[in-house]
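# Secondary and tertiary structure notes
Now for the letters of each chain:
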Amino acid sequence: VDIKSVFTPMSTQLHTKIINITNIDIDFLKLLDDSRTDFDWPQYIEQNPLRLSQILQLILWSIHPSRISHYESNQLVAKILLLQINSLDGFPEYEIEDTVWSLVFQIGKLSKYNITKNVNLFSLYQLLNILNTYGMVKVPTYIRKLISSGIMYLHDSNDKFFHVSLLINLKISPLMKSQYN
């Protein structure tokens with residue numbers, strides 16, 4: 001899965017970017033849209049281990065502006081990812097974390113207009129905080145990636161403000177006495 005090409009320009013309006021994922025699993029998206037509270041997700045994940053492209057779909061599905069009415073979508077994503085990590089064919093946590101942060105960096109490169117069209121920022125913040133709570137993503141990892149990318153040091157970086165806003169909205173656990181240097 002090439003995360004760098006997830007948001008591609010429309011052919012008719014080059015300044016407008018749309019979500020572009022190859023090999024979309026329509027049945028999986030229908031399952032997510034119609035998710036019932038009694039659906040057996042553990043059995044589904046055991047029988048149908050997710051591919052990386054489906055994990056990307058899952059995350060984009062939950063943060064898309066059309067999902068505002070699915071207030072439980074972020075909890076469902078966390079549940080499905082936890083099931084996937086703990087399944088026999090599970091992904092290592094670091095692969096999921098790397099996918100999440102790579103997607104965040106791609107979202108940061110979008111213009112404000114394209115972010116509004118493709119991402120509900122409140123849902124993104126909420127999802128990242130839930131994944132952080134479950135230990136699937138780690139804020140220090142994000143900060144290290146942010147520093148090493150050099151984005152924060154560029155004067156003309158438009159995505160710097162996106163990342164600052166994201167950092168402000170991430171819940172960071174307080175340091176314990178043993179963590180001080």
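Computed from a predicted model, the values in this text were never measured in an experiment. Along each chain, numbering runs from 1 in the same order as the chain's sequence is written. Local features in a predicted model are, by the rule used here, given only for residues with pLDDT of at least 70; side-chain atom pairs are given and counted only at 80 or more, and totals for whole chains, interfaces and linings are based on all residues. Hydrogens and water are ignored here; the side-chain numbers use all heavy atoms of the structure.

### Here's the deal with the overall build of the chain
- Under the scheme used here, helices are H or I runs from DSSP no shorter than 4 residues and strands are E runs no shorter than 2 residues, and both carry numbers assigned from the N terminus. The secondary structure content of the chain amounts to nine helices and two strands.
- For the chain, the α and β elements follow one another from N to C terminus as β-β-α-α-α-α-α-α-α-α-α.
- Partly exposed residues are those whose accessible area sits between 20% and 50% of the maximum for their type, while under 20% is buried and over 50% is exposed, using a 1.4 Å probe and protein chains only. Counting the 181 residues in the chain, one finds 43% classified as buried.
- Working rule for contacts: check all heavy atoms of both residues, and any pair within 4.5 Å makes them a contact. Contacts spanning at least 24 positions in sequence make up 72% of the contacts within the chain whose residues lie at least 6 apart.
- For the chain, the accessible area works out to roughly 10600 Å², and carbon and sulfur atoms hold 56% of it. Using a 1.4 Å probe, accessible areas were evaluated by the Shrake-Rupley method; residue-level cover was limited to the displayed protein chains.

### Comments concerning the packing of helix 7 (residues 121–133) against helix 9 (residues 159–169)
- At a closest axis distance of 10 Å, the pairing of helix 7 and helix 9 adopts a crossing angle of 50°. Here helix 9 runs oblique to helix 7, going by the angle between their axes. Remark: the crossing between helix 7 and helix 9 carries right-handed chirality. Here helix 7 contributes Leu121, Leu124, Tyr125, Leu128 and Asn129 to the contact with helix 9, which in turn contributes Phe162, Ser165, Leu166 and Asn169. Structural elements are reduced to axes, namely lines fitted to C-alpha atoms, with helices fitted over the stretch in contact, and the angle between N-to-C directions of any two is expressed from 0 to 180 degrees. Here is the rule for angles: anything less than 35 degrees is roughly parallel, anything more than 145 is roughly antiparallel, 65 through 115 is roughly perpendicular, and the remaining ranges are oblique. A crossing counts as left-handed when the near helix is turned anticlockwise from the far one by less than a right angle, and as right-handed when that turn is clockwise.

### A short note on the side chain of Ser123
- Within the secondary structure layout, Ser123 lies in helix 7.
- Judged by its relative accessible area of 8%, Ser123 is buried.
- When sequence neighbours within four positions are dropped, the list of residues in contact with Ser123 reads Ser62, Ile63 and Asn74.

### Focus: the side chain of Asn129
- Structurally, the position occupied by Asn129 is in helix 7.
- As used in this structure description, the phrase polar contact means that two N or O atoms lie within 3.5 Å; if the pair is within protein, one of them must be able to donate a hydrogen and the other to accept it, and residues adjacent in sequence are counted only when both atoms belong to side chains. In terms of polar contacts, Asn129 uses its side chain to reach the backbone amide nitrogen of Lys171, at 2.6 Å.
- If near-sequence neighbours (up to four positions away) are discounted, Asn129 is found in contact with Asn169, Leu170 and Lys171.

### Here's the deal with the packing of helix 3 (residues 52–63) against helix 7
- For the pair helix 3 and helix 7, the least separation of the axes is 8 Å and the interaxial angle reads 130°. One element, helix 3, and the other, helix 7, form an angle in the oblique class. Across the interface between the two elements, Ile59, Ser62 and Ile63 from helix 3 touch Ser123, Leu124 and Leu127 from helix 7.
- Throughout this entry, Asp, Glu, Lys and Arg are counted as charged residues, while Ala, Val, Leu, Ile, Met, Phe, Trp, Tyr, Cys and Pro are counted as nonpolar. The remaining residues, Gly among them, count as polar. Within the contact of helix 3 with helix 7, the residues separate by chemical class into four nonpolar, two polar and no charged.

### Here's the deal with helix 4 (residues 73–86)
- The span you would expect from a helix comes to 1.5 Å times its residue count less one. Between its first and last C-alpha, helix 4 extends 20 Å over 14 residues, near the 20 Å set by a 1.5 Å rise per residue.
- Considered for burial, the residues of helix 4 that qualify are Ser73, Asn74, Leu76, Val77, Ala78, Ile80, Leu81, Gln84 and Ile85.
- Packing partners of the buried residues in helix 4 comprise helix 1 (26–33), helix 2 (41–47), helix 3, helix 5 (93–108) and helix 7.

### Notes on helix 9
- Every buried residue of helix 9 is accounted for by Asp159, Lys160, Phe162, His163 and Leu166. Projected down its long axis, helix 9 shows its buried positions confined to an angular sector of 160°, all on one face. Opposite its buried face, helix 9 presents the exposed residues Phe161 and Ile168, each directed more than 90 degrees away.
- Looking at the buried residues of helix 9, the elements they touch are helix 5, helix 6 (112–118), helix 7 and helix 8 (139–149). Each C-beta atom gives one direction from the helix axis, and the arc is the one those directions make.

### Quick word on the packing of aromatic side chains
- A pair of Phe, Tyr and Trp rings is counted when the ring centres sit within 6.5 Å of each other, with Trp represented by its six-membered ring. The angle between the planes then sorts it: under 30 degrees is stacked, over 60 is edge-to-face, the rest tilted. Per the counting criterion, the structure on display carries six aromatic pairs.
- Each ring, one from Trp101 and one from Tyr142, has its centre 4.6 Å from the other, and the planes form 20°; the classification is stacked. Taken together, the residues Trp101 in helix 5 and Tyr142 in helix 8 connect sequence positions 41 residues apart. Accessibility assignment for this pair places Trp101 and Tyr142 in one class, buried.
- Each residue in the set Phe28, Phe39, Trp41 and Tyr44 is aromatic and connected to the rest through ring pairs, giving one cluster.

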